[in-house]
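# Results of the structural survey
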Amino acid sequence: SGAGKTETVKIVLRHIATIENSISTAACPTEDTGDLEQPEIVSKILKVEPIFEAFGNAVTRHNNNSSRFGKFTSIYLDKKETKRCGFESVYAVAGSSFVTYLLEKTRVVSHGPGERSFHIFYHLLNAPEEFKA
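### A word on the overall build of the protein
When helices and strands are tallied, the protein shows 3 helices and 4 strands. Sequence-ordered secondary structure for the protein, helices as α and strands as β, is α-α-β-β-β-β-α. Buried positions account for 30% of the 133 residues belonging to the protein. Counted over contacts in the protein with a minimum sequence separation of 6, partners at least 24 positions apart contribute 55%. Carbon and sulfur atoms provide 57% of the accessible area of the protein, an area that totals close to 9100 Å².

### Here's the deal with the packing of aromatic side chains
By convention here, two paired aromatic rings are described through the distance between centres and the angle between planes. Within this structure, the stated rule accounts for 0 aromatic pairs. The ring of Tyr122 carries Arg116 above its face, with NZ or CZ at 3.7 Å from the centroid.

### A look at the environment of Phe98
Along the chain, Phe98 falls in strand E4 (residues 87-102). Note on Phe98: relative accessible area 18%, which makes it buried. The sequence separation of Phe98 and Glu49 amounts to 49 residues, and the corresponding C-alpha distance is 9.8 Å. Contacts of Phe98, omitting those with residues within four sequence positions, involve Val48, Glu49, Phe52, Lys71, Phe72 and Thr73.

### A short note on the pattern of salt bridges
Taken as a whole and judged by the stated rule, the model has 2 salt bridges. In this structure, Glu7 engages Lys10 in a salt bridge whose closest nitrogen and oxygen atoms are separated by 3.2 Å. Placement of the pair is Glu7 and Lys10 together in helix H1 (residues 5-24), with a separation of 3 residues, close to one helical turn. We classify Glu7 as partly exposed; its relative accessible area is 43%. The closest approach of N and O atoms between Arg61 and Glu115, which form a salt bridge, is 3.8 Å. Residue Arg61 is located in the loop between strand E1 (57-58) and strand E2 (66-67), and its partner Glu115 is located in the loop between E4 and helix H3 (119-125); the two are separated by 54 residues in the primary sequence.

### Structural notes on helix H2 (residues 40-56)
With 17 residues, H2 should cover 24 Å at 1.5 Å per step; its first-to-last C-alpha distance of 26 Å lies within 8% of that length. Residues of H2 that are buried include every one of Val42, Ile45, Leu46, Glu49, Glu53, Ala54 and Gly56, and no others.

### Examining the nonpolar core
One finds Val9, Leu13, Ala17, Val42, Ile45, Leu46 and Val93 forming the largest nonpolar core, which totals 7 residues. Broken down by secondary-structure element, the contributors of at least two residues to this core are H1 and H2. Here Leu13 is in contact with Val42, Ile45, Leu46 and Ile75, once residues within four sequence places are set aside.

### Examining the environment of Pro113
Tracing the chain through its elements places Pro113 in the loop between E4 and H3. When the C-alpha atoms of Pro113 and Thr60 are compared, they prove to be 9.0 Å apart, with 53 residues separating the residues in sequence.

### Focus on the confidence of the model for the protein
Looking at the protein as a whole, its pLDDT mean stands at 75, while 79% of the residues score no less than 70. Per-residue pLDDT, averaged within each element of the protein, yields its smallest value for H1 (75) and its largest for H3 (86).

### Some remarks on the side chain of Glu115
Relative accessible area serves as the criterion here: at 16%, Glu115 is assigned to the buried category. A polar contact is formed between the side chain of Glu115 and the backbone nitrogen of Arg61, at a distance of 3.4 Å. Each residue touching Glu115, except ones within four places of it in the same chain, is listed here: Val59, Thr60, Arg61 and Arg107.

Rules used throughout
- Residues numbered from 1 in each chain as written.
- Predicted model: local features only at pLDDT ≥ 70, side-chain atom pairs only at ≥ 80, totals over all residues.
- Heavy atoms only, no water.
- Helix = DSSP H or I, 4+ residues; strand = E, 2+ residues; numbered from the N terminus.
- Buried < 20%, exposed > 50% of the residue type's maximum accessible area, 1.4 Å probe, protein only.
- Contact = heavy atoms within 4.5 Å.
- Areas by Shrake-Rupley, 256 points an atom, 1.4 Å probe, with all protein chains shown as cover.
- Phe/Tyr/Trp six-rings, centres within 6.5 Å; stacked < 30°, edge-to-face > 60°.
- Lys NZ or Arg CZ within 6 Å of the ring centre and 35° of its normal.
- Salt bridge = Lys/Arg side-chain N within 4 Å of Asp/Glu carboxyl O.
- Expected span 1.5 Å × (residues − 1).
- Core = buried A, V, L, I, M, F, W, Y, C linked by side-chain atoms within 4.5 Å.
- pLDDT = per-residue confidence, 0-100.
- Polar contact = N/O pair within 3.5 Å; in protein donor to acceptor, adjacent residues only side chain to side chain.

Have a look at this one:
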């Protein structure tokens, strides 16, 4: 917990998106291009992360947003071009998938003093009445 797993996935995706954007521009990059707009698919992947975290993160005595689950992230790339800007091949992010597994299934029904269950339960309880069935 607290090792930066989720942040690492975000950094890797943003890095891939930056490379993808800089190579796909008309001129080949020669230096750092700064902040570039991310492809829509990368934005969508990054936006879904908090939803998965709500189902697998909880408040513990040591961390308010502790991962109580494991997650394996696959990033799918699509070959776009060959031999551009000194690269043998150019790829673009085509999608992503997650495989998750709960590490603390008992937290669903009980938790220690000063701790909470998974965030999703509190989000559901705090939802506006018109969304509750």
